[in-house]
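# Remarks on the overall topology
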Amino acid sequence: MQFKLSQASLNDYSGQAIIVPLTSKGDQTAVSQAVDKNLNGFIGQLLNNKDFKAKAGDSQLIPMANGPRLILMGLGELPVTPGDFIKAVNGAAKTLKASAASDALVDLAGIEVQGHDQDWALRQLAQAFQNSLYHFDECKSKSEDNKPDTVQTLNVVAGNDKQSQLDFGQAVGKGMAYTKKLGDLPPNVATPAYLADEADKLATLSDKLTTHILDEDKMEELGMGSFLSVSKGSIEPGKMICMEYMGGKKGDAPHVLVGKGITFDTGGISLKPGAGMDEMKYDMCGAASVLGTVLTMIQLDLPINFVGVVAAAENMPSGHASKPGDIVTAMNGTTIEILNTDAEGRLVLCDALTYTIDTYKPASIVDIATLTGACLMALGGVNSGLFTQDEDLAAELLAASETSRDAAWRLPLQDEYQELLDSNFADIANIGGRLAGATTAACFLSRFTKGQKWAHLDIAGTAWNSGGKNKGATGRPVPLLVNYLAAKV
Ligand code: BES
Ligand code: MN
Ligand code: ZN
């Protein structure tokens, strides 16, 4: 879909659809009043009859005998809250996508969103419309949904200098769609090798991006005993995928994102129960969000140095798999007693973190991982869990979360929790027992990031929607990550 600036008025539009913003009580914008007048009070009548209630997210298509279709976009009450605005644009985008219209015109004049400017609204608008196009039918043999996208162009009434806002929102939407696709792909397709190939494909899109992929031999050489203790249980070879995006000044220390890429998590010998286990294909969503962020960064062509690292492996039970009680040595020399093979994410991440610190001397590191069921229980699907002892980094990530409306909530990471990881036989255990599971997982990672500007995002609850018809990746936290990096420029 193309997003184009326009100076047209809704009443003169000769295209296929106009999007009419409406509030549920009283005051309509000058734009929608003008449309109402042009249609001899037709819209006012719909509102009076309560045929259209204009609650936030309500949306309806009205075919017209003459002229473009109307797409009514409910905003709820004034003043418009950010959450209602996002519901509204998503609702309208969905209606447009379901229609046969190939283009539409939207005018947000007169809509003020609490606490945000017009640039923000334009970015969210483009992100929502781009996102509405996402569908996953790669694996349907003859899909009815397999038709090409009908929506080609969204014309947006805004000043001449606003194209960059639309481009930003669109780039985020595309990064999210890519992240969702990688997540939704079946685990027999989206293997560690597949993710490595995807990284190589991304590198062909930009001169600024180069990839380095470490195979198991190389990781053996580097002493990544912790990572390899997970990957060796599977016939799929593990990969450490490094994507270096050098858009900034030569020599400037890069910001690094490290993603957990367990392409399927059976639990290993500490096998998970069968019900719903298919959803453990989403255990690579941290990795997918790093790849999606790289794609967005390429499109935005931002002048910063950043590196995306993906620790990709499959966690399987087998004759080669780790057993509870095994002790392995991580790249930094720490010995780890594996008390539960289902706590595998931290085992691959710790070596990725050591490697990142040694190789890149990063300005900051953020890891993103579907790490613990405990985080999902604590925060549900609303917030990602944020752990860091660095107040500045916490503030930056929470600010990015706030602007992008990609919610995150800070959870504790005090030193007092560290002793829960004590092991009788090794330097540390890979689990901390029943209590504070999301925090002890973060504590484990903190042992490998001492002295670094580091934060951990647990996206176990936010990376995908579970079960039934809703099942699917969300594309989060790409908006948060992109806004975090963009603020560095
Ligand atoms: N990938 C899971 C965490 C997870 C579970 C994410 C459910 C989303 C939904 C992770 O590898 C895991 O199995 N964690 C264990 C850790 C435990 C053994 C200490 C967990 O959370 O149960
Ligand atoms: Mn696990
Ligand atoms: Zn896992």
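Scroll up to find the structure.
Summarised in this report is the structure supplied together with it. (Residues numbered from 1 in each chain as written. Chains lettered and ligands numbered in written order. Predicted model: local features only at pLDDT ≥ 70, side-chain atom pairs only at ≥ 80, totals over all residues. Heavy atoms only, no water.)

A separate point is the overall build of the chain. From N to C terminus, the chain includes 14 helices and 19 strands. Taking 2.2 N^0.38 as the reference for a compact globule, 489 residues should give roughly 23 Å; the C-alpha atoms of the chain span a radius of gyration of 24 Å, in line with that estimate. Seen through its C-alpha atoms, the chain measures out along the principal axes to roughly 80 × 50 × 45 Å. Put simply, the chain has 489 residues, and 58% of those count as buried. (Helix = DSSP H or I, 4+ residues; strand = E, 2+ residues; numbered from the N terminus. Rg over C-alpha atoms; globule rule 2.2 N^0.38 Å. Buried < 20%, exposed > 50% of the residue type's maximum accessible area, 1.4 Å probe, protein only.)

Let us look at the coordination of the zinc ion (ligand 3). Only Lys 260 (NZ), Asp 265 (OD), Asp 283 (OD) and Glu 344 (OE) from the protein coordinate the zinc ion (ligand 3), and they sit 2.0 to 2.4 Å from it. Of note is the zinc ion (ligand 3), whose six donor atoms meet at the metal with angles of 78 to 175° in an arrangement that counts as octahedral. In terms of primary sequence, the donors binding the zinc ion (ligand 3) are separated according to K-x4-D-x17-D-x60-E. (Donors = N, O, S within 2.8 Å, 3.2 Å for Na, K, Ca; no water. Tetrahedral: all angles 85-135°; square planar, octahedral: opposite > 155°, others 65-115°.)

It is worth spelling out the coordination of the manganese ion (ligand 2) at this point. The protein atoms donating to the manganese ion (ligand 2) are Asp 265 (OD), Asp 342 (O), Asp 342 (OD) and Glu 344 (OE), with metal-donor distances spanning 2.0 to 2.2 Å. Read N to C, the donor residues that coordinate the manganese ion (ligand 2) are spaced as D-x76-D-x1-E. In this model, the manganese ion (ligand 2) sits 3.2 Å from the zinc ion (ligand 3), the two metals being bridged by Asp 265. Of this pair, Asp 265 sits in strand 9 (residues 255-265) while Asp 342 is found in the loop between strand 12 (335-337) and helix 10 (345-360), placing the two residues 77 residues apart along the sequence. Overall, Asp 342 belongs to the partly exposed group, its relative accessible area being 22%.

The environment of ligand 1 is formed by 17 residues, the closest being Lys 272, Asp 283, Asp 342, Glu 344 and Gly 373. In the model, a nitrogen atom of ligand 1 is placed 2.9 Å from a nitrogen or oxygen of the Asp 283 side chain. One of the backbone nitrogen or oxygen atoms of Leu 371 is found 3.5 Å away from a nitrogen atom of ligand 1. Considering ligand 1 on its own, with 510 Å² of exposed area, one finds that the protein chains cover 79% of that surface. Mapped by element, the contributors of at least two residues to the shell around ligand 1 are strand 9 and helix 11 (373-379). (Near = heavy atom within 4 Å. Polar contact = N/O pair within 3.5 Å; in protein donor to acceptor, adjacent residues only side chain to side chain. Areas by Shrake-Rupley, 256 points an atom, 1.4 Å probe, with all protein chains shown as cover.)

Examined against the element boundaries, Gln 165 turns out to sit in helix 5 (residues 163-184). Owing to a relative accessible area of 14%, Gln 165 belongs among the buried residues under this scheme. Among residues more than four places away in sequence, those in contact with Gln 165 are Asp 119, Leu 122 and Arg 123. (Contact = heavy atoms within 4.5 Å.)

Before going further, it helps to spend a moment on the sheet that holds strand 1 (residues 2-6). Each strand in a sheet pairs with another by means of backbone hydrogen bonds, the pair being arranged parallel or else antiparallel. Spatially, the six strands line up as an open sheet ordered 1-6-5-2-4-3, and their pairing is mixed. Looking at strand neighbours, the two that pair on one side only are strand 1 and strand 3 (59-62), the edges of this open sheet. Strand-to-strand twist across the sheet, computed as the mean angle between neighbouring axes with direction ignored, equals 25°. Two strands pair when backbone bridges link them, and strand 1 and strand 6 (residues 153-157) are joined in this way by five bridges, in the parallel orientation. Looking at strand 6, one finds that Phe 3 is bridged to Leu 154. Helix 1 (residues 30-38) contacts strand 2 (17-22) and strand 5 (103-107) of the sheet and is inclined by roughly 120° relative to strand 2. Of the strands in this sheet, strand 1 and strand 6 touch helix 5, which is tilted by about 160° from strand 1. (Pairing = 2+ DSSP bridges. Axes fitted to C-alpha atoms, helices over the stretch in contact; angles between N-to-C directions.)

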